[in-house]
Amino acid sequence: MTIINPPPINPNSPIQGNPIDENKTLIAKEIAQKARESLSNYCINICGAKCCKVGKLLLQTNQEVETISGVEHIGKFIEDKTLERTQNGFMTYNLEKEPCRHLKENVFCSIHKSDKKPIICNDYPLFLTKKYVIASQQCPAVVGGELNTYIKEIKKLGYKEF
Ligand code: SF4
Ligand code: SF4
């Protein structure tokens, strides 16, 4: 499932500082993935896929824009500002008018296992940059503390919470 608003910081921003060493980065990525997977029950039965219905989806490649918009609708979506370019050259897709077209039965992502699923959907609600761990405060599971144990483990590796 996934995302919605653009990540709070630009991964290329100088505030990232020195990267954590490679081994710790790998461990942190594994922990972050376990954290996301731990939410599947919460996402379906408690939250109801809020992040596929609310906010703006950050799209980082043309392929992602085509997947989320549908090639035939891109021009219309640019015109009505559903699709907008960000300052750093990415696109956002506004979900406020209607939920993502890949959302099925109100809670399931029909492209969950596809390599066409946007990166942001795979990462949400927990992001790792070179030095920071960032949990989206728009996700009710994060706000409810569901990921606290995982975030603590990642911080032990040297990451700072942003
Ligand atoms: S592609 Fe899937 S995970 Fe991403 S917003 Fe759409 S339904 Fe949600
Ligand atoms: S709990 Fe968070 S990650 Fe899960 S569906 Fe809701 S907003 Fe998305």
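What counts and how
- Residues numbered from 1 in each chain as written.
- Chains lettered and ligands numbered in written order.
- Predicted model: local features only at pLDDT ≥ 70, side-chain atom pairs only at ≥ 80, totals over all residues.
- Helix = DSSP H or I, 4+ residues; strand = E, 2+ residues; numbered from the N terminus.
- Buried ≥ 20, exposed ≤ 12 C-beta atoms within 10 Å, placed from the backbone.
- Contact = placed C-beta atoms within 7 Å.
- Near = placed C-beta within 6 Å.
- Nonpolar A, V, L, I, M, F, W, Y, C, P; charged D, E, K, R; others polar.
- Pairing = 2+ DSSP bridges.
- Axes fitted to C-alpha atoms, helices over the stretch in contact; angles between N-to-C directions.

1. Brief notes about the overall build of the chain
Secondary structure assignment for the chain yields seven helices and eight strands. Within the chain, buried positions represent 31% of all 162 residues. Put simply, 74% of the contacts in the chain that link residues at least 6 apart link residues at least 24 apart.

2. Some details on the site of ligand 2
The full set close to ligand 2 counts 14 residues, and C43, C47, C51, C139 and A141 are the nearest of them. Elements supplying a minimum of two residues to the shell around ligand 2: α2 (40–47) and α6 (140–143). Per element, the largest residue contribution to the shell around ligand 2 is three residues, and it comes from α2. For the shell around ligand 2, the class distribution of residues is twelve nonpolar, one polar and one charged.

3. Topic: the sheet that holds strand β8 (residues 160–161)
Reading across the sheet, the three strands line up as β6-β7-β8 and stay open at both edges, with mixed pairing between neighbours. Here the strands that pair on one side only, and so sit at the sheet edges, are β6 (126–128) and β8. Relative to β8, strand β7 (residues 132–135) runs parallel, the two being bridged by two bridges. Residue pairing for β8: V133 is matched across the bridge by E161. In the packing of helix α7 (residues 148–156) onto the sheet, contacts are made with β7 and β8, and the angle to β7 comes to roughly 165°.

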